[in-house]
Amino acid sequence: NRKKVGIRIIVSALAALVLILGTAGIGAAGPSPVSEAKADGVRTGIHPETGMLAFVGAEPSAPIGVAGAVGEGIPAQTRASAILQAYAPQFGVANPAEELTVLREKESDGRQIIRYQQVYRGIPVLGGELILNMNDGGLVSMSGEVSPFLSISTEPVISAGQARETALALVAKT
């Protein structure tokens, strides 16, 4: 049991480290306003700090057609996979299959909505989420913010025992 508690503390500390290092300075300004719809009806928003997309969308009656995502009867995960392959790199996610996990799925009024959590080497990146809003016509909207191009060590630098001692000491002070 003590080993499991130590591992949980280390994982929590690593997740906090990823958040601190992965988003340092990002988000203070927030995403830029969404652009006016272009001639094709597509609107976008660019994050001012990362230069990556923070939003792409169109009217539900005229969604963005993405190969493999258009048509009736396509399972939500299949549709989402095609959309993520096309658009996730523009948000800063190089490999959606490895860097995103499903948090929630919802289907309502002919739309499928899937919320994804960004992960780095299996560790959730706090604040790293993407939301897909789709229908039979393709992509209605994709929005969110991720920490692009993460490259940090996830190897623990302290032992489970040290992490436990530090956590207990901090809890004892409150």
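Everything here concerns the structure above.
The structure reproduced in this document is the subject of the present report. Because the structure is predicted, anything quoted here is derived from the model rather than measured.

### Let's talk about the pattern of salt bridges
Under the counting rule described, the total for this entry stands at three salt bridges. The residue Arg-43 makes a salt bridge to Glu-59 at a minimum N-O spacing of 3.5 Å. Separated by 16 residues along the polypeptide, Arg-43 in strand E1 (residues 43-46) and Glu-59 in the loop between strand E2 (53-57) and helix H2 (76-91) bring together distant segments of the chain. Arg-43 gets classed as partly exposed once you look at its relative accessible area, which sits at 21%.

### A look at the sheet that holds strand E6 (residues 138-145)
Taken in spatial order, the six strands line up as E1-E2-E6-E5-E4-E3 in an open sheet, and their pairing is antiparallel. Two strands in the sheet have a free side with no partner beyond their single neighbour: E1 and strand E3 (100-108). Looking at each pair of strands side by side, their axes are set apart by 15° on average, direction ignored. Here E2 pairs with E6 via three bridges, running antiparallel. What sits directly across from Val-56, in E6, is Met-142. With respect to the sheet, H2 is in contact with E2, E3, strand E4 (111-120), strand E5 (123-135) and E6, its orientation differing from that of E6 by roughly 50°.

Rules used throughout
Residues numbered from 1 in each chain as written. Predicted model: local features only at pLDDT ≥ 70, side-chain atom pairs only at ≥ 80, totals over all residues. Heavy atoms only, no water. Salt bridge = Lys/Arg side-chain N within 4 Å of Asp/Glu carboxyl O. Helix = DSSP H or I, 4+ residues; strand = E, 2+ residues; numbered from the N terminus. Buried < 20%, exposed > 50% of the residue type's maximum accessible area, 1.4 Å probe, protein only. Pairing = 2+ DSSP bridges. Axes fitted to C-alpha atoms, helices over the stretch in contact; angles between N-to-C directions. Contact = heavy atoms within 4.5 Å.

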